[in-house]
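These are the residues of each chain, in order.
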Amino acid sequence: MTATADSRMGGEVGQARLRKEDARLITGRTRWTDNITLPGMMHMAILRSPMAHARIARIDASAAREMSGVEAVVTGADLADEQGSLPCAWPITEDMKAPNAPSMAVDGVNFAGEAVAAVVARSAAEAYDALEAIEVDYEDLPVVLDMEQALADGADLVHPDLGSNASATWEFDSAAAGTGGSADEAISGAEVVVERTFRQQRLIPAFMEPRSVVVDPTGEQTTMWSATQVPHILRVMLAMTTGVPEHKVRVIAPDVGGGFGGKLQVTPEEVMTFLIARKLGRPVKYTESRSESLTSAHHGRDQIQHLTIAARRDGTVTGLKVKLYADMGAYLRLVTPGVPILGAFMFNAIYKIPAYHFSCTNVFTNKTPTDAYRGAGRPEATFAIERMMDELAAELGMDPMAVRERNWIAHDEFPYTTVSTLTYDSGNYEAATERAKELFGYDALRAEQAERRRRGDAVQLGIGISTYTEMCGLAPSRVLGSLSYGAGGWEHGAIRMLPTGKVEVITGSSPHGQGHETAWSQIVADRLGVPFEHIEILHGDTQSSPKGMDTYGSRSLTVGAMAVLQAADKVIAKARKVAAHMMECAEDDVEFADGRFTVRGTGTATTIQEVAQAVFAAHDLPEGVEPSLDSEATFDPENFSFPHGTHLCAAEVDTETGRVRLRSYVCVDDVGNVVNPMIVEGQVQGGLAQGIAQALFEEATYDESGTLASGTLADYLVPSAADLPSFITDRTETPATTNPLGVKGVGEAGTIASTPAVVNAIVDAVRHRGVTDIQMPCTPMRVWQAIHGGER
């Protein structure tokens, strides 16, 4: 991968440094939660409902309690008075319907996989054996699985006490907001109108490390180790849910093996383990099986998308109307209701759409709850608008790239306020697209496609385009407040200058594979002039890192690292006063660069390490200066981060079998200035794999009784490297203007952009056979059926 711009911003920043984290990860010296063993620790196993919707008539655990090694059997009734309701931090409307969400079911179950009892025993094997001795009688209730049927008059209800399966409807209208015209008027007066319905299938995060939690209640604090993305949020929510004072709770996220949003949660298992350990007064561990993870950890996506786009015959878009149904599953988890709302701001994408209306109805079903999954609302929006741009181009007989070029925001129009109220600070869609087309060989592939169609080849070639942007660095607290989100989006960082000149960096961001320890060290090394190897990053422990909003939404670098950077600047400001005193000069005459303080115009100098030693000794400090350089900062950005790029996919489709082969894939992303190109490349390629997986392989399906039919990795098809092509990646660099480093988020970009690029390529390959859409995942069967059902 060769960037088209120089990403070097300093001595360390811009280097493709090997990750500090990797040595212990690849040599087995990791500390996963399941590796933790404490004296006297017990093991917990959970009995889960096989029924999707039922009353609990009877639970008999007497036999289980008598089994060897069993310490306790706990049911929902035992926890009813203290478990509270699992938190939902995003009430998107004032009238949003939110059911009580116990960590363990008490009177009834609402999805297959919901916890109904737990066994605590001396070993995990004894705990699991005892589950089989628990008898539960269920009384069946009607199962609700289809969103549109769930909203029909007289439909069976998931939660009868709420009176409806509709949780909330959230709307945005550009005419009402004053950011554009009326979408209805644009559609009624349009020269061309295209309507389509797309299905975002349900996905499972399928992180590598299953969720695990260990709770030790034996100290002054109750300490929880959890495979979580959000230790700080988890601590606050545990206190609020259970009533245990926050200062008596410590949460540690040790090494965490992936999350993709799937560990952005306060889980039933965490609350159950916490309460049961405290009841027993002994440490308790729970680690889920892979099938439990697939069945009971939250899912993602699952939307029905109705879109109408209006345009002139020259391809200029004049209006867009979006109507969504979003499946919440049985309960509202931490940010479940807000996930589809994030997409509301991205349906207009990189385009100058003058009129826009969005509405989303969140629907309860008897399925596993949904919540954030890599991209969280923005992949869904990008898929829909990029599919619609292709459909509009087909309707007009235009090249789909030409339609995009006609409508996108030009590089000289930034900053640009969109119809959905966001202000994009910077971008250059033309440069990224031109580079992608060059690497892809766009014109030659179009010529080959035409020749294959002329010959009537059995294997046809399709070209898919995705020109995307995304709002990430989820942060501005005022914006989140305006959307009724229950917390802020700031981040905290601190720096400790040790007496020997070494540095400890404390960050509120909590990594689970992103490379914080490396990137933060590079940033601080450049800022303080301290060797990369002399910097230690501390994270993921609410004791050593007491303040933070954690890691999700591509916010770590654009928000978390900025707090660390500000803390570093405060260290320098403190050290400058001492350095001036040491060198017997005015503070205004002191300059700092590369770790050295110098007196302007002279050869007099001292290093930041020497200042640190002098401060530690405190023998001769300036009057009123305390003996510490340690500093902390909290950063709350003024705006989101807006990476963008162009992804191009060439797909070969065998019209006789439906088989799809990705022949080539090119992406040129613009993530602003780059701290570590190797980390960026890893994030892009990992994101591509997940986005392509949605297009071709992955789908969580249920049978008519509400049982997850894809509850093992034999049925839920997560691709391996062998299933994917080699990617050609490149970058353009348009610095962000909203943070000091000019960086943008990258963690979700590949996932957001790749799904529509692949599906557009597949549809493009067989559009001449009458095909206008293929529901994801585009399996050979579905592709074949679309071809042979679509022939005229």
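Residues numbered from 1 in each chain as written. Predicted model: local features only at pLDDT ≥ 70, side-chain atom pairs only at ≥ 80, totals over all residues. Heavy atoms only, no water.

Draft legend 1. View of helix α18 (residues 556-583). Given a rise of 1.5 Å per residue, 28 residues ought to cover 40 Å, and the 38 Å separating the end C-alpha atoms of α18 matches this to within 8%. The sharpest bend along α18 comes to roughly 25 degrees, located at Met 562. The first or second residue beyond α18 is Glu 584, which carries a positive phi of 55 degrees. (Helix = DSSP H or I, 4+ residues; strand = E, 2+ residues; numbered from the N terminus. Expected span 1.5 Å × (residues − 1). Bend = angle between axes of the 7 residues up to and from the residue.)

Draft legend 2. How the structure looks around the pairing of strand β15 (residues 356-364). For β15, the tally of buried residues reaches 9 of 9 residues, placing the bulk of the element in the interior. Neither face of β15 is left uncovered, since the one carrying Tyr 356, Phe 358, Cys 360, Asn 362 and Phe 364 and the one carrying His 357, Ser 359, Thr 361 and Val 363 both have all their residues buried. Here strand β7 (residues 166-173) runs beside β15; their pairing, made up of 7 bridges, is antiparallel. Looking at β15, one finds that Phe 172 is bridged to Phe 358. In the sheet, strand β14 (residues 317-329) pairs with β15 via 9 bridges, with the strands oriented parallel. The residue bridging Val 322 from the neighbouring strand is Phe 358, located in β15. (Buried < 20%, exposed > 50% of the residue type's maximum accessible area, 1.4 Å probe, protein only. Pairing = 2+ DSSP bridges.)

Draft legend 3. Focus on the nonpolar core. Phe 347, Phe 358 and Ile 762 are the most contacted members of the largest nonpolar core, which totals 142 residues. The element contributing the most residues to this core is helix α12 (residues 378-396), with 9 residues. In this structure, Ala 519, Ile 523, Leu 557 and Leu 621 belong to the second largest nonpolar core, which totals 46 residues. (Core = buried A, V, L, I, M, F, W, Y, C linked by side-chain atoms within 4.5 Å.)

Draft legend 4. Just the sheet that holds strand β21 (residues 535-538), in detail. Strand order in the open sheet formed by 4 strands is β21-β20-β19-β25, with mixed pairing between adjacent strands. Every other strand in the sheet has two partners, leaving β21 and β25 (631-635) as the edge strands with one partner each. Along the sheet, successive strands turn relative to each other by an average axial angle of 20 degrees, direction set aside. Against the sheet, helix α17 (residues 516-528) touches β19 (491-497), β20 (503-507) and β21, its axis set at about 130 degrees to β21. In the packing of α18 onto the sheet, the strands contacted are β19, β20 and β25, and the crossing angle to β25 comes to about 145 degrees. (Axes fitted to C-alpha atoms, helices over the stretch in contact; angles between N-to-C directions. Contact = heavy atoms within 4.5 Å.)

Draft legend 5. Focus on the packing of aromatic side chains. As enumerated under the stated definition, the model contains 12 aromatic pairs in all. A ring pair is formed by Phe 172 and Tyr 356, whose centres lie 5.9 Å apart and whose planes are at 45 degrees; its orientation type is tilted. Within this pair, whereas Phe 172 is found in strand β7, its partner Tyr 356 is found in strand β15, the two being separated by 184 residues in sequence. Given a relative accessible area of 12%, Phe 172 falls into the buried group. Since its relative accessible area comes to 0%, Tyr 356 is described here as buried. The structure contains a cluster of three or more aromatic residues connected by ring pairs, namely Trp 170, Phe 345, Phe 347 and Phe 358. Here Lys 263 stacks its cationic end above the ring of Phe 207, 4.6 Å away from the centre of that ring. Directly above the aromatic system of Tyr 442 lies the positively charged group of Lys 437, at a separation of 5.2 Å from the ring centroid. (Phe/Tyr/Trp six-rings, centres within 6.5 Å; stacked < 30°, edge-to-face > 60°. Lys NZ or Arg CZ within 6 Å of the ring centre and 35° of its normal.)

Draft legend 6. Geometry of the pattern of salt bridges. Taken as a whole and judged by the stated rule, the model has 58 salt bridges. Between Arg 378 and Glu 470 there is a salt bridge, with the nearest N and O atoms lying 3.2 Å from each other. With a gap of 92 residues between them, Arg 378 in helix α12 and Glu 470 in the loop between β18 (459-469) and α16 (477-482) connect regions that are remote in the sequence. By sharing partners, the salt bridges in this structure join Arg 48, Arg 211, Glu 269, Glu 288 and Glu 292 into a single network. (Salt bridge = Lys/Arg side-chain N within 4 Å of Asp/Glu carboxyl O.)

Draft legend 7. Examining the sheet that holds β18 more closely. Reading across from one edge, β18-β26-β27-β28 is the order of the 4 strands in this open sheet, with mixed pairing throughout. Single-partner strands in this sheet number two, and they are β18 and β28 (727-732). For this sheet the average axis-to-axis angle between neighbouring strands, irrespective of direction, equals 10 degrees. With 10 bridges connecting them, strand β26 (residues 644-654) and strand β27 (residues 660-670) associate as antiparallel partners. Paired with Ala 651 across the two strands is Leu 662, which belongs to β27. Lying over the sheet, helix α20 (residues 677-696) contacts β26, β27 and β28, oriented at roughly 140 degrees with respect to β27.

Draft legend 8. Structural view of the state of the cysteines. Tallied over the full model, the rule gives 0 disulfides. Counting only cysteine sulfurs, Cys 360 is the nearest neighbor of Cys 88, a cysteine outside any disulfide, at a range of 14 Å. Cysteine Cys 778 is unpaired, with the sulfur of Cys 649 as its nearest cysteine sulfur at 11 Å. For Cys 778, a relative accessible area of 3% puts it in the buried group. (Disulfide = S-S within 2.5 Å.)

Draft legend 9. Looking closely at the packing of α20 against helix α21 (residues 749-766). Running from N to C, α20 and α21 point in directions that differ by 40 degrees, and their axes come no closer than 7 Å. The orientation of α20 with respect to α21, classified from their angle, is oblique. The two elements α20 and α21 meet at a crossing, and its hand is right-handed. Counted together, Val 684, Gly 687, Leu 688, Gln 690, Gly 691, Ile 692, Gln 694, Ala 695 and Leu 696 of α20 and Gly 750, Thr 751, Ser 754, Thr 755, Val 758, Val 759 and Ile 762 of α21 form the full contact between these two elements. (Parallel < 35°, antiparallel > 145°, perpendicular 65-115°, else oblique. Left-handed = near helix turned anticlockwise from the far one by under 90°.)

Draft legend 10. Main features of the side chain of His 299. Looking at the element boundaries, His 299 is found in the loop between α10 (290-296) and β13 (300-311). A distance of 2.8 Å separates a polar atom in the side chain of His 299 from the backbone oxygen of Leu 294. Beyond its immediate chain neighbours, meaning those up to four positions away, His 299 contacts Arg 202, Leu 203, Ile 204, Pro 205, Leu 294, Thr 368, Pro 369, Thr 370, Asp 371, Ala 700, Tyr 702 and Leu 708. (Polar contact = N/O pair within 3.5 Å; in protein donor to acceptor, adjacent residues only side chain to side chain.)

Draft legend 11. Representation of the environment of Lys 20 in the model. The topology assignment puts Lys 20 in the segment before α1 (22-26). Classification of Lys 20 by relative accessible area gives partly exposed; the value is 28%. Expressed as a C-alpha distance, the spacing of Lys 20 and Glu 517, which sit 497 residues apart in the sequence, is 6.3 Å. Once residues within four sequence positions are removed from consideration, Lys 20 is found in contact with Glu 517, Thr 518, Ser 521, Phe 532 and Ile 535. Engagement of the side chain of Lys 20 in a polar contact is seen with the backbone oxygen of Phe 532, the distance being 3.2 Å.

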